[in-house]
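Read off the chains here:
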Amino acid sequence: MPAPEDFWSYFAAVATYVAVLAVPGGVVGWAAGVRGWALAGLAPLLSYAITGLAGPWLAIAHVPYGPLSVAACTLLLAGVLHGLRRLSIARGWMTPGAEEPPEPWTRRAHLAVAACVAVATAVSIAVVITGRGGTTAVFQRWDTVFHANGIRYIADTGDGSLTGMGTINWYPDGSFYPNAYHLVGALVYQLSGTSVPVTLNAVTMPIAGLFALAMVALVRQLGGRAVFGASVALVAGGATTGAYESVSSGLLPFALGIVLTPLAVVALQRFVVRPGVDTGAVLALSATGLLAAHSSALFGALLFAFPLVVQRWYRALRGKRLDGVPEGRPAWRVVGGDVLRMVPVMAAAGVLSAPMILGAITFTSGSYPYHAWGSHMPVWKALAMLATFKQVLPVPQLWLTVFLAVGVLTLLALRRMRWVVLSALGLSALFVVVACFGGEDWVITLSRPWWNDRFRLMALAAIPMCLLAAHGMSEAQRWVAKLASGRAWVRARPWLTGRVGLATAVLLVVAMGVLTGGFYRAANAKTVSLLYYNGLPGETVPPVSQDEIDAMEHLGTLGIPADQKVLNDRMDGTAWMYALTGVHPVAGHYDAGVAPPDALYLAMHFGDYDSDPQVRAATQRLNIHYVLVGSGTIRRDTPIAPGLRHLDGHDFVREVYRNPGAVIYQIVL
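Attention in this report is confined to the structure presented alongside it. Only a predicted model underlies this, so the values are computations on that prediction, with no experimental measurement involved. (Residues numbered from 1 in each chain as written. Predicted model: local features only at pLDDT ≥ 70, side-chain atom pairs only at ≥ 80, totals over all residues. Heavy atoms only, no water.)

Digging into the sheet that holds strand E5 (residues 662–667)
Then, in step 1: The five strands lie next to each other as E2-E1-E3-E5-E4, forming an open sheet whose pairing is mixed. The open sheet has two edge strands with one neighbour each: strand E2 (584–585) and strand E4 (653–659).
Then, in step 2: Where strand E1 (residues 565–568) meets E2, two bridges bridge the pair, whose relative direction is parallel. Following the sheet pairing, Val 566 is matched in E2 by Pro 585.
Then, in step 3: Packed onto the sheet, helix H26 (residues 546–556) meets E1, strand E3 (624–629), E4 and E5 and runs at close to 130° relative to E4. (Pairing = 2+ DSSP bridges. Helix = DSSP H or I, 4+ residues; strand = E, 2+ residues; numbered from the N terminus. Contact = heavy atoms within 4.5 Å. Axes fitted to C-alpha atoms, helices over the stretch in contact; angles between N-to-C directions.)

Now the structure itself:
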């Protein structure tokens with residue numbers, strides 16, 4: 001069913017999603033000794049790690065995936081980590097504390113930063129709600145139907161394997177896809193009792209809020225000021241290229257991987273500062289969670305976080321003080337120790353994620369086609385996109401550009417976070433290379449984890465760019481506060497002196513909100529609206545029309561058993577059939593890829609049913625008794641498949657339902 005226009009349905013689904021993110025990861029993180037902002041930030045990533053591991057491993061053990069089995073896995077993992085941590089402390093193998101942030105925040109600072117995260121989350125929800133429009137909330141972009149069908153499949157069957165949900169389209173064996181996004185979505189779908197479209201909306205709405213939380217956890221872990229933390233939350237909630245552009249393209253698991261990527265630094269910093277079984281376990285689970293969310297997320301996290309290690313080793317070579325390292329330790333011991341201690345963590349992560357690694361290797365060596373995009377834009381244009389935080393829409397986010405410039409000019413004030421500059425340079429260079437020279441063979445090979453897609457690489461580059469812009473915003477506040485504190489009338493009022501910092505921070509946030517129109521809510525809503533229209537509203541016809549939705553709902557009332565498939569066109573909105581009704585389509589995804597031969601043959605020749613024995617044989621093999629033909633396709637230049645045109649008047653089908661945009665036939669011969 002389409003998502004109802006009902007506040008409580010959305011509220012229940014969003015609340016369920018928040019609980020699914022907070023509880024499993026929170027319990028495991030707490031058992032591993034994580035506290036404060038690190039726990040708040042890492043909890044969602046750990047939850048995705050737990051579900052992403054539970055699904056494939058439970059499938060191997062032939063145990064159904066669901067809320068109870070996930071709860072059992074969570075408690076088991078938490079118990080093991082808690083026991084190992086207690087044992088390590090009791091035996092004197094480790095002394096907790098060194099991994100905590102070096103500089104404290106006041107209670108007022110914590111509350112202020114939390115308020116900014118709440119604002120960023122509210123902005124994210126408002127962006128998705130206002131960008132949605134129309135009378136339904138069914139996503140319209142390419143891969144969203146695959147994600148919708150995958151969530152329904154896992155919830156209906158309890159099969160959390162890495163290939164199972166692909167059987168909706170690539171039957172009988174399915175196709176590999178990292179499925180933590182769908183495993184969490186299946187829990188939300190089951191626990192909230194809402195429809196699949198409502199579930200997808202619920203998982204999408206707070207996406208920039210998760211980004212803000214992850215960025216705050218990073219800043220806090222590395223000892224940044226509270227104003228820096230508050231600023232990065234607001235920048236993450238407003239930057240179009242951060243989360244919103246990936247969402248607008250329907251790259252939902254990829255967008256999830258992007259917003260969770262900053263947490264790799266949190267886990268890595270905690271481990272290198274104080275190596276232990278607990279911090280190592282959190283790092284291994286974090287790496288696994290990123291891999292389970294999206295295959296490219298772990299690659300991106302490595303590129304983003306490695307400059308942190310480079311800065312650490314550079315300081316060791318110069319004899320500078322390092323957190324968690326005794327004074328006078330030689331640089332070679334620091335570097336060698338970091339590398340050696342990372343080996344068991346990598347081994348543990350490799351064992352945990354073995355099903356995903358083996359599946360990815362099999363997939364990349366298989367027959368699934370790879371099509372490079374081959375972008376060739378001018379270099380100056382790519383650089384301008386990076387600096388102005390825009391790629392989809394023509395309007396630049398100039399205030400973020402201003403703060404980015406301030407952040408670059410004051411980069412020395414980053415202290416422990418100067419590595420962000422190197423990260424920004426590296427990821428920006430990768431984006432420019434792909435955007436400007438994307439057709440070159442070596443570029444295609446280099447960027448294959450991101451499908452040679454400049455939109456994905458822009459989102460990855462946006463992470464350090466947002467950090468630099470937020471740093472510029474916090475430095476602007478520092479400068480204004482210093483200027484205000486020097487005024488004679490402020491110095492003459494001691495009660496006012498201690499409040500200048502808070503007052504200037506509030507003033508900056510309010511001014512930013514006003515000048516950007518609610519942290520670029522309107523611009524981001526327009527970007528996200530592409531998800532619901534497959535283009536700008538008013539310029540395109542949604543491929544999943546209301547008429548098709550009504551026809552699919554009627555199809556769901558016909559009592560079609562699970563072993564039957566309904567013949568449908570691959571390019572119209574009827575690919576959503578399974579997600580909306582539970583009825584199995586012949587074409588369960590827009591992308592044919594390596595679709596089954598019977599499905600492809602019927603799409604071309606079904607109209608010859610009464611004269612072509614191959615058509616009748618394929619129909620029998622797929623156990624097809626009904627045909628659903630919609631109207632319009634996801635590609636405006638692609639008509640309905642030849643085999644499904646002009647079925648009226650044929651004696652081998654009988655019309656059982658029709659509306660202006662869809663018709664259902666029953667095969668009678």
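Back to the text.
Re the nonpolar core
Then, in step 1: Formed by 192 residues in total, the largest nonpolar core has its most connected members in Met 417 and Trp 576.
Then, in step 2: In terms of residue count, helix H21 (residues 454–485) provides more of this core than any other element does, 14 residues in total.
Then, in step 3: Once you skip the residues sitting within four places of it in the chain, Met 417 turns out to touch Leu 218, Val 219, Leu 222, Phe 228, Gln 311 and Leu 467.
Then, in step 4: Of all hydrophobic cores here, the second largest spans 21 residues; its members include Ile 624, Leu 644, Leu 647 and Phe 652. (Core = buried A, V, L, I, M, F, W, Y, C linked by side-chain atoms within 4.5 Å. Buried < 20%, exposed > 50% of the residue type's maximum accessible area, 1.4 Å probe, protein only.)

Some remarks on a positive patch on the surface
Then, in step 1: A grouping of Arg 315, Arg 318, Lys 320 and Arg 418 is seen on the molecular surface, where their side chains present a positively charged patch.
Then, in step 2: For Arg 315, the position within the fold is in helix H14 (residues 295–317).
Then, in step 3: Given the relative accessible area of 33%, Arg 315 is considered partly exposed. (Patch = residues over 30% accessible without salt bridge, like charges linked within 9 Å, V, L, I, M, F, W, Y side chains within 5 Å. Areas by Shrake-Rupley, 256 points an atom, 1.4 Å probe, with all protein chains shown as cover. Salt bridge = Lys/Arg side-chain N within 4 Å of Asp/Glu carboxyl O. Lys, Arg positive; Asp, Glu negative; His and termini not counted. Charge placed at Lys NZ, Arg CZ, Asp CG, Glu CD.)

Here we look at helix H10 (residues 240–248)
Then, in step 1: Most of H10 is tucked away, with nine of its nine residues classed as buried.
Then, in step 2: Regarding H10, the residues found buried are Thr 240, Thr 241, Gly 242, Ala 243, Tyr 244, Glu 245, Ser 246, Val 247 and Ser 248.
Then, in step 3: Gly 250 occupies a position one or two residues after H10 and carries a positive phi of about 80°.

A look at empty space enclosed by the protein
Then, in step 1: Considering all chains together, one arrives at two cavities of 30 Å³ or more under this definition.
Then, in step 2: In this structure, the largest cavity spans a volume of roughly 50 Å³.
Then, in step 3: Residue lining of the largest cavity: Phe 254, Gly 257, Ile 258, Thr 261, His 294, Ser 296, Ala 297, Gly 300, Trp 450 and Leu 460, and that is the complete set.
Then, in step 4: When its residues are assigned to classes, the lining of the largest cavity shows five nonpolar, five polar and no charged.
Then, in step 5: Estimated volume of the second largest cavity: approximately 40 Å³.
Then, in step 6: Surrounding the second largest cavity, Tyr 181, Val 203, Thr 204, Ile 207, Val 247, Leu 252 and Ala 255 form its lining.
Then, in step 7: Where the lining of the second largest cavity is concerned, the elements lending two or more residues are helix H7 (196–204) and helix H11 (252–260).
Then, in step 8: Of the residues contributing to the lining of the second largest cavity, the split by class is six nonpolar, one polar and no charged. (1 Å grid on protein atoms, 1.4 Å probe; cavity = no way out; pocket = protein on both sides within 12 Å on 5 of 7 lines; lining within 4 Å. Points joined across faces, edges and corners; volume = space filled by probe spheres on them. Nonpolar A, V, L, I, M, F, W, Y, C, P; charged D, E, K, R; others polar.)

Concerning the packing of helix H8 (residues 207–221) against helix H9 (residues 226–238)
Then, in step 1: Contact geometry for H8 and H9: axes closest at 8 Å, N-to-C directions at 155°. Judged by the inter-axis angle, H8 sits roughly antiparallel to H9. For the pair H8 and H9, the sense of crossing is right-handed. On the side of H8, the interface is formed by Ala 208, Phe 211, Ala 212, Met 215, Val 216 and Val 219, while H9 contributes Phe 228, Gly 229, Val 232, Ala 233, Ala 236 and Gly 237.
Then, in step 2: Residue composition of the contact of H8 with H9, grouped by class: ten nonpolar, two polar and no charged. (Parallel < 35°, antiparallel > 145°, perpendicular 65-115°, else oblique. Left-handed = near helix turned anticlockwise from the far one by under 90°.)

What to know about unusual backbone geometry
Then, in step 1: The residue after Tyr 171, namely Pro 172, is reached through a cis peptide bond having omega 5°.
Then, in step 2: Although it is not a glycine, Phe 389 sits at a positive phi angle of roughly 55°.
Then, in step 3: For Phe 389, the location among the structural elements is in the loop between helix H17 (379–388) and helix H18 (398–409).
Then, in step 4: Positive phi is not limited to glycine here, since Tyr 520 has a value of about 60°.
Then, in step 5: Structurally, the position occupied by Tyr 520 is in helix H25 (residues 517–533).

Notes on the packing of helix H1 (residues 7–31) against helix H6 (residues 180–192)
Then, in step 1: Where H1 meets H6, the axes come as close as 9 Å, and the angle between the chain directions of the two elements is 130°. Compared by their axis directions, H1 and H6 come out oblique. Judged by the twist between their axes, the crossing of H1 over H6 is right-handed. Where H1 approaches H6, its residues Ala 12, Ala 13, Thr 16, Tyr 17 and Val 20 are matched on the opposing element by Val 184, Leu 187, Val 188, Leu 191 and Ser 192.
Then, in step 2: For the contact of H1 with H6, the per-class residue count stands at eight nonpolar, two polar and no charged.

Thoughts on the side chain of Thr 16
Then, in step 1: Its place among the elements puts Thr 16 in helix H1.
Then, in step 2: Judged by its relative accessible area of 14%, Thr 16 is buried.
Then, in step 3: The residues contacting Thr 16, other than those within four sequence positions of it, are Val 188, Leu 191 and Ser 192.

Structural notes on the state of the cysteines
Throughout this description, disulfide means a covalent bond between two cysteine sulfur atoms.
Then, in step 1: On inspection of all chains with the given rule, the structure shows zero disulfides.
Then, in step 2: Of the cysteine sulfurs around Cys 116, a residue in no disulfide, the closest is that of Cys 466, at 15 Å.
Then, in step 3: For Cys 116, a relative accessible area of 9% gives the class buried.
Then, in step 4: Cys 466 gets classed as buried once you look at its relative accessible area, which sits at 0%. (Disulfide = S-S within 2.5 Å.)

Regarding the pattern of salt bridges
Then, in step 1: Summed over all chains, the structure comprises 16 salt bridges.
Then, in step 2: Measuring nitrogen to oxygen at the nearest pair gives 2.9 Å for the salt bridge that ties Arg 152 to Asp 156. Of the two residues, Arg 152 and Asp 156 both sit in helix H5 (residues 144–157), four residues apart, roughly one turn of that helix.
Then, in step 3: With relative accessibility at 43%, the residue Asp 156 sits in the partly exposed group.
Then, in step 4: Here Arg 416 ties to Asp 323 by a salt bridge, and the two come within 2.9 Å at their closest N and O atoms. Of this pair, Arg 416 sits in the loop between H18 and helix H19 (419–437) while Asp 323 sits in the loop between H14 and helix H15 (331–352), and the two are 93 residues apart along the sequence.
Then, in step 5: In the salt-bridge network here, residues are joined through shared partners; they are Arg 85, Glu 99, Glu 100, Arg 270, Arg 274 and Asp 278.

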